[in-house]
Every structure is written in C-alpha cells, then in structure tokens.
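Here are the chains, one letter per residue:
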Amino acid sequence: MDFNVKKLASDAGVFFTRAVQFTEEKLGQAEKTELDAHLENLIARADCTKNWTEKIFRQTEVLLQPNPSARIEEFLYEKLDKKLPSRTTNAELLGQYMLDAAKDFGPGTPYGSTLITVGEYQKTLGGAEREFLQTSSVSFLTPLRNFLEGDWRTISKEKRLLENRRLDLDICKARLKKAKQAEAKAAAAPDFQETRPRNYVLSASASALLSEEVDKAEHELRVAQTEFDRQAEVTRLLLEGISSTHLNHLRCLHDFAEAQATYYAQCHQYMQDLQKELNRFSSAFLSGPSSPGATASSSASSATQRPGTLAMEDLQLPVTGTRKAKVLYDYDAHDASELSLLADELITVYTVPGMDPDWLIGERGNQKGKVPVTYLELLS
C-alpha cells in the first residue's frame with residue numbers, strides 16, 4: 001500500500017509539473033521545443049486523414065442505413081460480438097405487401113395480376129439492395145472502421161507519449177537554466193567575510209550544492225533528450241504508415257464504386273424488365289374483350305381476328321379531352337398497341353378512363369395507338 005501511495009504521489013507530481021509547463025508555454029512564459037518540419041507535416045497529414053476518414057465513414061453509414069435506430073442496433077450487436085439478424089429491406093417489405101394485397105383483390109383481376117408482377121420485382125430489388133449493403137459493409141466500411149479503431153488509436157497513444165516526452169524535455173531545460181543562473185549569481189556575489197573560517201566553510205558548501213544541482217539537471221536533460229528522440233522516431237515510423245493506409249483505402253474505394261455500379265445496373269435492368277411487363281399488361285387491357293357498348297361493326301370485324309380481342313383501330317372507349325399535340329422526338333412503337341412518332345408532326349391525342357397518366361391515345365389519319373406523354377407538347 002505504501003508503494004502504491006508513493007507511486008500515486010509521484011505520478012501526480014509529474015502531471016502537475018507538466019501542466020505548469022504546458023500553461024506557461026501557452027502564456028508565452030516558457031520556451032517550447034519545436035518538432036522538426038518533417039514530423040510536423042506527418043502529424044498534420046495523419047490528423048487530416050483521421051478527420052476525413054471519420055466523416056466519410058459516418059456518411060457512408062447514413063447512405064447505407066438511413067434509419068438511426070437500425071444503425072444503433074447494428075452498433076450494439078457489433079460491440080456485443082453477436083451476429084446481426086437478417087433485416088428485411090423496405091423494397092422487400094413493399095413487395096410482400098403487394099403480393100398479399102393481390103390475394104385479396106384477386107390474382108386474376110388486372111389490378112391483382114399487376115400487383116403480383118410489381119411486387120415480385122420489388123422483392124428482387126430488395127434482394128439486390130441487401131447484397132449491395134453486405135458487400136459495401138465488408139469491402140468499404142470495415143477497413144475504415146479498422147483504421148479508426150485500431151491504427152489511429154495506436155498513433156494517438158504514441159502522439160500523446162511524444163507530447164509528454166517533449167514537456168519533460170522542456171521542464172529539464174528550464175530546470176538546468178535556473179540551476180546555472182543560481183550558480184552564476186552565487187559566483188558573481190561572493191561573501192566578503194568568507195576569510196573567517198566559519199563563513200568560508202558555508203560558502204564552499206553552498207557552491208558545492210549549486211554545482212551538484214547543475215550536474216544533476218544536466219544528467220536529467222540528457223536522459224529526457226534521449227527519451228524524446230526515441231519516442232519521436234517511433235511516432236515518425238507510425239505516421240509514415242499513413243501512406244499505406246491511403247493505398248488500402250484507395251482499393252476499398254474502388255471496390256465500393258464497383259459494388260455501387262453493379263447494384264445500380266441490376267436495378268436498371270430489373271426496372272426495364274418490369275416496364276416491359278407493364279407494357280404487355282397495358283396492351284392486353286387496351287386489346288381486351290369488347291365492352292357491351294361496342295358497335296356491331298366492331299364485333300363483325302373482330303371475327304377475323306383472334307377471338308376475344310380488338311384491334312386498336314376498332315377500340316371504342318369513352319373519349320375525354322381530345323387535343324392537338326406536337327411531337328418533340330422520334331418514337332418507335334414497342335408493340336402493336338403503340339403508335340410510332342416522328343419529331344415535329346402534329347397528331348390528335350386523348351385519354352380514356354383508367355389509362356396510365358403517362359400515356360395518351362394518339363391518332364394520325366387512320367392510325368391509332370398509345371403514345372408517351374413525355375414525347376409530346378400539348379397544344380391549346
């Protein structure tokens with residue numbers, strides 16, 4: 001117990017002495033040993049790397065998981081060293097809701113069958129998103145986290161040790177300076193009564209003590225200088241490893257960008273496939289069984305076609321808002337239900353109840369078919 005108390009008192013004394021030295025340096029009342037320019041540059045570069053890596057890491061976490069509660073849950077599982085349970089993505093959840101709704105509305109209805117198709121694609125998109133999140137976490141987030149929680153902590157520890165060694169060095173320099181000043185002052189003002197035997201003995205004893213203080217301060221300064229130089233070298237070697245960290249993060253950044261490109265390419269392909277499916281559904285709706293209000297001539301003409309279907313030209317549906325429109329770009333029809341367009345031509349357009357708002361029915365002479373709204377400039 002006595003040893004621990006002594007050690008505690010010694011550590012407290014060292015801490016207090018360093019605090020005094022640090023405060024005097026800030027107030028300009030004490031000299032400060034400056035690090036060499038190369039080491040200063042390495043420290044500044046390392047601090048910059050840490051700050052930006054931390055910002056990139058945090059923002060990437062927000063990008064991959066916007067939900068703060070989910071991020072906290074992932075953090076807790078990681079700290080407890082437990083496997084995070086698989087979490088359903090929002091797209092997968094939406095897809096499942098659509099599939100469940102289709103069961104209630106009826107899979108055979110146009111709305112129900114479309115819900116099934118869109119729901120399945122949403123679940124596929126959700127699966128691609130989960131794979132992207134896992135890949136990005138392993139290839140990008142994990143290396144950044146390892147640097148912040150591993151390498152940087154080691155660097156920070158050695159930087160603190162270097163600062164303490166510098167403070168100790170400056171304390172020893174100040175102590176030696178004071179000892180030499182005291183010795184010089186004593187030598188410059190000798191005792192004029194030192195001819196007396198007693199005073200001569202006292203003066204000689206004081207000079208010996210001052211000389212001993214100077215020697216002790218010089219020895220402590222040499223030790224402090226050695227420890228400072230050794231710590232500066234250790235810190236320098238660690239800081240020079242930041243270049244390797246940059247190379248590692250560069251590779252991780254390439255992997256992250258590649259994972260993003262793959263994910264977005266998959267989403268684009270899935271959405272193109274979904275668009276084709278929806279176009280087929282829309283074509284089937286427009287060429288579906290004729291309504292009770294269809295004319296007899298339409299029924300007669302359909303006898304020569306596939307039973308149960310109507311050609312676009314024979315479609316009889318309530319027309320709303322017939323207008324003229326100017327075609328902005330060329331458009332090639334994807335199937336028989338659509339109308340091909342030429343830029344700058346004028347056509348007549350209108351809509352029918354229940355039709356997709358992104359499409360209109362266009363007429364050019366005897367030709368009729370669906371046309372995309374984005375390709376048109378509606379005229380008053």
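Residues numbered from 1 in each chain as written. Predicted model: local features only at pLDDT ≥ 70, side-chain atom pairs only at ≥ 80, totals over all residues. Heavy atoms only, no water.

Student: Account for the overall build of the protein, with residues named and values stated.
Tutor: In terms of helices and strands, the protein carries eight helices and five strands. Across the protein, helices and strands are ordered from the amino to the carboxyl terminus as α-α-α-α-α-α-α-α-β-β-β-β-β. Expressed as a percentage of its 380 residues, the buried residues of the protein come to 30%. Sequence separation of at least 24 residues holds for 67% of the intrachain contacts in the protein that already meet a minimum separation of 6. Accessible area of the protein: about 24,500 Å², with a carbon and sulfur share of 57%. (Helix = DSSP H or I, 4+ residues; strand = E, 2+ residues; numbered from the N terminus. Buried < 20%, exposed > 50% of the residue type's maximum accessible area, 1.4 Å probe, protein only. Contact = heavy atoms within 4.5 Å. Areas by Shrake-Rupley, 256 points an atom, 1.4 Å probe, with all protein chains shown as cover.)

Student: Account for the side chain of Thr-53, with residues named and values stated.
Tutor: For Thr-53, the location among the structural elements is in helix α2 (residues 37-64). With relative accessibility at 6%, the residue Thr-53 sits in the buried group. Leaving out residues up to four positions away in the same chain, Thr-53 has contacts with Leu-144, Phe-147, Leu-148 and His-249.

Student: Give me the lowdown on the packing of α2 against helix α5 (residues 110-188), citing residues and values where you can.
Tutor: The N-to-C vectors of α2 and α5 enclose an angle of 150 degrees; their axes lie 10 Å apart at closest approach. With respect to α5, the element α2 is oriented roughly antiparallel. Every pair of crossing elements has a handedness; the one defined by α2 and α5 is left-handed. (Axes fitted to C-alpha atoms, helices over the stretch in contact; angles between N-to-C directions. Parallel < 35°, antiparallel > 145°, perpendicular 65-115°, else oblique. Left-handed = near helix turned anticlockwise from the far one by under 90°.)

Student: Describe the confidence of the model for the protein, with residues and values.
Tutor: When pLDDT is averaged across the protein, the result is 81; 80% of the residues are at 70 or more. α2 holds the highest mean pLDDT among the elements of the protein, 94, whereas helix α8 (residues 296-302) holds the lowest, 38. Between residues 288-318, whose pLDDT stays under 50, and residues either more than four places distant or in other chains, the model counts 31 contacts. (pLDDT = per-residue confidence, 0-100.)

Student: Talk me through unusual backbone geometry; I want residue IDs and the actual numbers.
Tutor: One non-glycine residue, Asp-344, lies in the positive phi region at around 80 degrees. Its place among the elements puts Asp-344 in the loop between β1 (320-327) and β2 (346-351).

Student: Explain α2 to me, using residue names and the numbers behind them.
Tutor: For α2, with 28 residues, the first-to-last C-alpha span of 40 Å sits near the 40 Å given by 1.5 Å per residue. Within α2 the residues assigned to the buried category are Leu-39, Leu-42, Ile-43, Ala-46, Thr-49, Thr-53, Phe-57, Thr-60 and Leu-64. The distance from a side-chain oxygen at the start of α2 to the backbone nitrogen of His-38 is 3.2 Å, and the residue carrying that oxygen is Asp-36. (Expected span 1.5 Å × (residues − 1). Polar contact = N/O pair within 3.5 Å; in protein donor to acceptor, adjacent residues only side chain to side chain.)

Student: Now, about the pattern of salt bridges: what can you tell me, with residues and values included?
Tutor: For side chains bearing opposite charge, pairing can occur when the charged atoms are close. Evaluated as defined, the whole model comprises 14 salt bridges. The shortest N-O distance in the salt bridge between Glu-227 and Arg-165 comes to 4.0 Å. Here Glu-227 is found in helix α6 (residues 197-240), whereas its partner Arg-165 is found in helix α5, with 62 residues between them in sequence. Put simply, Lys-180 and Glu-218 hold a salt bridge, and the shortest N to O gap is 4.0 Å. Within this pair, whereas Lys-180 is found in helix α5, its partner Glu-218 is found in helix α6, the two being separated by 38 residues in sequence. Taken together, the shared-partner salt bridges connect Arg-58, Glu-61 and Arg-145 into one network. (Salt bridge = Lys/Arg side-chain N within 4 Å of Asp/Glu carboxyl O.)

Student: Can you explain the pairing of strand β4 (residues 367-372)? Please cite residues and give values.
Tutor: Residues in a regular strand point their side chains to alternate faces of the sheet. Counting buried positions along β4 gives five out of six residues, so the element sits mostly inside the fold. Bridge analysis of strand β3 (residues 359-364) against β4 gives six bridges, and the strand direction is antiparallel. Within β4, the residue paired with Trp-359 across the bridge is Pro-372. Taken together, β3 and the strand that follows it, β4, pair antiparallel across an intervening segment of two residues, in which Gly-365 is found at a positive phi of about 65 degrees. (Pairing = 2+ DSSP bridges.)

Student: Lay out helix α4 (residues 90-105) in plain terms, naming residues and giving numbers.
Tutor: With 16 residues, α4 extends 22 Å between its outermost C-alpha atoms, agreeing within 8% with the 22 Å of an ideal straight helix rising 1.5 Å per residue. Ala-91, Glu-92, Gly-95, Met-98, Leu-99 and Ala-102 are the residues of α4 that are buried. An end-on view of α4 places all buried positions within 120 degrees of arc, on one side of the element. For α4, the exposed residues set more than 90 degrees away from the buried face come down to Asn-90, Tyr-97 and Asp-104. Here the buried face of α4 lies against α5. Just beyond α4, the residue with positive phi is Gly-106, at close to 105 degrees. (Arc of directions from axis to C-beta.)

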